[in-house]
Amino acid sequence: MSTLNLDSHRPAFTRDPYPLLAELREAGPVHRVEYLGVPMWLVTRYADVKAALGNPLVSHDAVNANDDVRKIPLIAHGWSGELSHHMLFADAPEHSRMRRVVNREFTPRRLAALEPRIQQVTDWLIESIASQGKADLIEDFAAPLPATIIMELLGVPGSDRENFRYWADVVTGVREGDMELLPQMHAEANAYLRDLIKYKRTQREAFAGTDLLGALARSSGERLSDVELMAMGWLLLVAGYTTTIDLIGNGMLALLRHPEQLKLLMERPELLDNALEEFLRFDGPTAIPTLRFAKPGLTIGGVDIPAGDLIALSLASADHDPGRFDKPDELDIERADRGHVAFGHGIHFCLGAPLARMEGRIAFRALLARCRDLKLDMSASLSWRVSVNIRGLRHLPVTFTPTRGGA
C-alpha cells in the first residue's frame, strides 16, 4: 500500500480537510499516510472508527508501540514523562481505576455549581467587546472563557494562571510560532504541577472549597498518585481548554458561513442544544486523527495492521460519512441524528463533554443576544493552528452592531 503525504496538501488541508477526507473515505476504509511527518494508518469510515474506539486491540498506551514508532519525536515526547501518566494514555484496567477516582469528584453537582460562574465570566467578556462593533472571537472571547473556568475548577491560584495558560497555548498550538518551545513548556508545567500537588496534599484546609485537584488530593480510599494527579491536572487543562475554544470558534465560523442557519438560530433559540451537537459533528475540535497503537491481531476494514503501528482514527471523516449521515457536508441545526463521535466513544468518551456543552450553550446564547448582525470581518484573515489531532482557529475576526449596557 502506497503512502499518502497529507502534509503535501497543506495549507488547503488545514483550512478544510473534508474534501480530501471524502476522497480517501470513498477510496477505502484504511490508508497508509504521513501526517506532520509521522507515518500512520488513517481510518476514515464511521463504522470502522466507532468500532475501533471500543476495540481492546486498539491501544492508548505507547507501551504497545513498536520500536520504530517509539523513536518518532511526537511519541517519544508526547507519550513519555510524568505529564503523560493520565487516563487518556492508559488502557483498562488502569484507565478504569483512574477514571473511577476522578468520577467521584467530577460530579454533576460540581458541574452544576460552575454554571453561575461560567455565566458571570461570559457576561464580562461580552460586555468588554459589545460596544466595539468588532472583535477577535478567539482572542477576546472563546479562549479566555474556558481558560478562566478550567483553571478555577482545577484550583490554580490566580497569580499563576497567566503562565499556566501560556504553557497550554504553546502545547496545543493556540500560540503561533512557539512550537520549538514545547519541551521547555512541558518541563515548566511539570515542575509547577509537582509543587502545586504537594501543596494541596499538605495544606488540605486551604483547599476545602470546590477545586477539583484539591478534592482529588485529599480524597480517601482509592486515590491517584502524585504523578497521576499532576498528569490528570494537565490533561484536564489542555482538553478542557482547547476543545471549548474550538466548539465556539468552529461552530461560530460554520454559522457565519451559513447565514440561513444563523438566521434560523436567531429566530428559534430553542434549537441551541441541537445546534451545538451539529457544530460538533460538522467541524468538531478533534478533527483529524485520534492516535492509537495496534496490538497483535488487529484488522480494521479488512486491512491487517502490523502490531505496534500508529493508528489515526479520523473523527472528522467519520462524522462526514454519507453511509451514516444524510447530506453530511451540509450544516443543519435541525438535524435529528446526534450519533456523532466528536467526543469519542466507549470507555474513553470525553470526561469533560458536559462542561464543554454547558460553556458552549452559555457562550452562544450570549453572543447571539448581544452581538447582532454578526459577520466575518473580511478585512482580516482567518488563522488556523496545526496540531496532530486538534483543529481550530487562532483568530476569528468578526464585526457586528455595537450595543451598550446589556441592550
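J.: Please clarify how the layout of surface pockets should be interpreted in this entry.
T.: Once rolled over the atoms, a probe with the size of a water molecule shows which space is left empty. Estimated volume of the second largest pocket: approximately 290 Å³. When contributions to the lining of the second largest pocket are tallied by element, the ones reaching two or more residues are α5 (73–78), α6 (94–105) and α13 (226–257). The residue inventory of the lining of the second largest pocket, partitioned by class, reads eight nonpolar, four polar and four charged.

J.: Could you clarify how one ought to interpret the packing of α13 against helix α15 (residues 272–283) in this entry?
T.: For the pair α13 and α15, interaxial distance at closest approach is 9 Å and the crossing angle is 90°. With respect to each other, α13 and α15 are oriented roughly perpendicular. The segment α13 lies against α15, with Leu247, Asn250, Gly251, Ala254 and Leu255 engaging Leu276, Phe279, Leu280, Phe282 and Asp283.

J.: How should the sheet that holds strand β2 (residues 30–35) be read in this particular structure?
T.: Through backbone hydrogen bonds, the strands of a sheet pair up, either in parallel or in antiparallel fashion. Overall, mixed pairing links the six strands, which are arranged β1-β2-β3-β9-β6-β4 in an open sheet. Strands with a single pairing partner mark the edges of an open sheet, and in this sheet they are β1 (3–5) and β4 (58–59). Here three bridges tie strand β3 (residues 38–43) to strand β9 (residues 310–313), and the two strands are oriented parallel to one another. Its bridge partner lying in β9, Val43 is registered against Leu313. Strand contacts of helix α3 (residues 46–53): β3, β4, β6 (290–294) and β9, with the helix running at about 120° to β9, the strand carrying the most contacts.

J.: Can you walk me through the pattern of salt bridges in this structure?
T.: When charged atoms on two side chains of opposite charge get close, those side chains can pair. All chains considered together, the criterion is met by 21 salt bridges. Between Asp67 and Arg70 there is a salt bridge, with its nearest N and O atoms 3.0 Å apart. Here the residue Asp67 and the residue Arg70 both occupy positions in helix α4 (residues 67–70), the gap between them amounting to three residues, near one helical turn. For Arg117, the salt bridge identified is with Glu152, shortest N-O distance 2.6 Å.

J.: Teacher, can you tell me more about the packing of aromatic side chains here?
T.: How two aromatic rings sit relative to each other is given by the distance of their centres and the angle of their planes. Applying the stated criterion to the full structure yields eight aromatic pairs. Between Phe13 and Tyr35, the ring centres sit 6.2 Å apart and the planes meet at 80°, which makes this aromatic pair edge-to-face. Taken together, the positions of Phe13 in helix α1 (residues 12–15) and Tyr35 in strand β2 put the pair 22 residues apart, joining distant regions of the chain. Of the residues examined, Phe13 reaches a relative accessible area of 3% and is grouped as buried. Between Phe343 and Phe349, the aromatic rings sit 6.2 Å apart at their centres with planes inclined by 70°, giving edge-to-face as the arrangement. For Phe343, a relative accessible area of 7% gives the class buried. Members of the aromatic cluster, joined through ring pairs, are Phe164, Trp167, Tyr192 and Trp234.

J.: Looking at this structure, I do not really get the side chain of His95. What am I missing?
T.: Along the chain, His95 falls in helix α6. Given the relative accessible area of 3%, His95 is considered buried. With near-sequence residues (within four places) excluded, His95 lies in contact with Met87, Ala90, Ile347 and His348.

J.: I keep staring at the confidence of the model for the chain and nothing clicks. Help me out?
T.: Parts of the prediction with low pLDDT should not have their coordinates interpreted in detail. The pLDDT averaged across the chain works out to 89; a share of 93% of its residues lies at or above 70. Within the chain, α5 has the poorest average pLDDT of any element, 74, and strand β7 (residues 299–300) the best, 98.

J.: I'm lost on the packing of helix α9 (residues 144–154) against α13 in this one. Help?
T.: When two helices pack together, their arrangement is captured by the angle between the axes and the distance separating the axes. Here α9 crosses α13 at 155°, and the two axes come no closer than 9 Å. Considering the angle they form, α9 stands roughly antiparallel to α13. In this structure, α9 meets α13 at a crossing whose hand is right-handed. On the side of α9, the interface is formed by Leu145, Pro146, Ala147, Ile150, Met151 and Leu154, while α13 contributes Gly233, Leu236, Leu237, Gly240, Tyr241, Thr244, Ile245 and Ile248.

J.: Explanation requested: the sheet that holds strand β5 (residues 134–136) in the structure shown.
T.: Read across the open sheet, the three strands follow the order β5-β13-β10; overall the sheet is antiparallel. The two strands at the open ends of the sheet, each matched to only one other strand, are β5 and β10 (372–376). Within the sheet, the average angular offset between the axes of one strand and its neighbour, ignoring direction, is 25°. In terms of strand pairing, β5 meets strand β13 (residues 397–401) through three bridges, oriented antiparallel. Considered in β13, the bridge of Asp136 is made with Pro397. Strands β10 and β13 of the sheet are contacted by α13, whose axis makes an angle of about 95° with β10.

Calculation notes
Residues numbered from 1 in each chain as written. Predicted model: local features only at pLDDT ≥ 70, side-chain atom pairs only at ≥ 80, totals over all residues. Heavy atoms only, no water. 1 Å grid on protein atoms, 1.4 Å probe; cavity = no way out; pocket = protein on both sides within 12 Å on 5 of 7 lines; lining within 4 Å. Points joined across faces, edges and corners; volume = space filled by probe spheres on them. Helix = DSSP H or I, 4+ residues; strand = E, 2+ residues; numbered from the N terminus. Nonpolar A, V, L, I, M, F, W, Y, C, P; charged D, E, K, R; others polar. Axes fitted to C-alpha atoms, helices over the stretch in contact; angles between N-to-C directions. Parallel < 35°, antiparallel > 145°, perpendicular 65-115°, else oblique. Contact = heavy atoms within 4.5 Å. Pairing = 2+ DSSP bridges. Salt bridge = Lys/Arg side-chain N within 4 Å of Asp/Glu carboxyl O. Phe/Tyr/Trp six-rings, centres within 6.5 Å; stacked < 30°, edge-to-face > 60°. Buried < 20%, exposed > 50% of the residue type's maximum accessible area, 1.4 Å probe, protein only. pLDDT = per-residue confidence, 0-100. Left-handed = near helix turned anticlockwise from the far one by under 90°.

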